[in-house]
Every structure is written in C-alpha cells, then in structure tokens.
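What follows is the residue order along each chain.
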Amino acid sequence: MPGDNASKALIDSLNGLLADYFALYIKTKNFHWHVAGPQFHDLHLLFDTQATELFALTDVVAERVRKNGGLTLTSVGAVGAKSAIADDDRTGVDAMTMVRVLRDDNVTLVERIRAAKAAAGEAGDNATDGMSDDWTDQAQQRVWFLTQILGG
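It should be emphasised that the depicted structure is a prediction, and the values quoted were computed from it without experimental measurement. (Residues numbered from 1 in each chain as written. Predicted model: local features only at pLDDT ≥ 70, side-chain atom pairs only at ≥ 80, totals over all residues. Heavy atoms only, no water.)

Caption draft 1: Summary view of the packing of aromatic side chains. One pass over the structure, following the stated rule, counts three aromatic pairs. Taken together, a centroid distance of 5.0 Å and an interplanar angle of 40° make the contact between Tyr 25 and Phe 55 tilted. Within this pair, whereas Tyr 25 is found in helix α1 (residues 4-34), its partner Phe 55 is found in helix α2 (residues 40-67), the two being separated by 30 residues in sequence. By relative accessible area, which is 23% here, Tyr 25 ends up partly exposed. Residue classification places Phe 55 among the partly exposed positions, given a relative accessible area of 42%. On the basis of an interplanar angle of 75° and a centroid distance of 5.3 Å, the ring pair of Trp 144 and Phe 145 is categorised as edge-to-face. On the basis of relative accessible area, Phe 145 is assigned to the partly exposed category, the value being 34%. Taken together through their ring pairs, the aromatic side chains of Phe 22, Tyr 25 and Phe 55 make up a single cluster. (Phe/Tyr/Trp six-rings, centres within 6.5 Å; stacked < 30°, edge-to-face > 60°. Helix = DSSP H or I, 4+ residues; strand = E, 2+ residues; numbered from the N terminus. Buried < 20%, exposed > 50% of the residue type's maximum accessible area, 1.4 Å probe, protein only.)

Caption draft 2: The arrangement of helix α4 (residues 95-123) in detail. With 29 residues, α4 ought to run about 42 Å at 1.5 Å a step, and its terminal C-alpha atoms sit 42 Å apart, in line with that. A distance of 3.0 Å separates the backbone nitrogen of Met 96 from a side-chain oxygen at the start of α4, and that oxygen is part of Asp 94. Following α4 by one or two positions, Gly 124 has its phi on the positive side, about 75°. (Expected span 1.5 Å × (residues − 1). Polar contact = N/O pair within 3.5 Å; in protein donor to acceptor, adjacent residues only side chain to side chain.)

Caption draft 3: Geometry of the packing of α2 against α4. Packing of α2 against α4 brings their axes to within 12 Å, and their N-to-C directions diverge by 20°. By the angle between their axes, α2 is roughly parallel relative to α4. Along this stretch, α2 crosses α4, giving a crossing that reads as left-handed. Contacts from Leu 43, Phe 47 and Leu 54 of α2 reach α4 at Ala 95, Met 96, Met 98, Val 99, Leu 102 and Leu 109. (Axes fitted to C-alpha atoms, helices over the stretch in contact; angles between N-to-C directions. Parallel < 35°, antiparallel > 145°, perpendicular 65-115°, else oblique. Left-handed = near helix turned anticlockwise from the far one by under 90°. Contact = heavy atoms within 4.5 Å.)

So, in structure tokens, the structure goes:
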C-alpha cells in the first residue's frame, strides 16, 4: 500500500504540472496574439490550437490532485511559484523564436509529465499513471510540429 509521503509527492508533482500547463497556455496565447511575419496565418492558428489543448488539460490535472486528496493551485502567484515554464512578457518576438521557445517548453512539459507518471506509480494511482501517457503523447506531438516548422 502506498504511503502518505508518496501521495504528498504525487500531489506536489501534479500541482507543478498544473502550473506548467497554465504557464504554457498563457505563453502560447501571448505568441498567438503577437505573432507576425510571412507565416502569420499558419502560426496564429497553430498556436491557438495548441493553447486550446493545453487549457483543456488544466481541469483534468486539477481533478487528479483533488481525487488524490490534495488542494490545487489557487492563484496566478501559485502558478508562477510552481511552474518550470519561464514567463515571457515580450510582444515583439520573431516568429521562429516563438516556435523555438514553445518547442523547448513542451520538451520541459514532457519531462514534468514523466515525473508525475513516476510519482503516480509510487503512489499507486493507476488512473494518473495511465492518463499521463496521453498527456505525453499530446506534448510530444506539439514538440514534433514545432520542430518541423524549424526545419527538423
């Protein structure tokens, strides 16, 4: 039977992942709103699609925290404190720099999902363990798309 420490570690890992999803959602929307240049149309749509995917998972991850007996993040400050995704307040970023930044952040997200999956295994949370495979696949697809835009 998993111990209390394993459950606490899982809740902490899931809240970190929740923070990352929120932070990456906001960054992706920022780039969606501010992208410019010859690939504007395609990147504007891609960033919006990716932001929608990210936001959709915030509730799913938060509910995993609650189902494991934990409390979720409660504010923008809590998101900032827990996220491994750095803020980016710039509005005049070159389109390919945006793509590169989002690609790298999604790579970080994959690592954080894998950490949550490992914590779920330690805590005996089969549901989170299984769901994290889908989350990983979605993040890897974003990485793949963004990498291909950069030329592979």
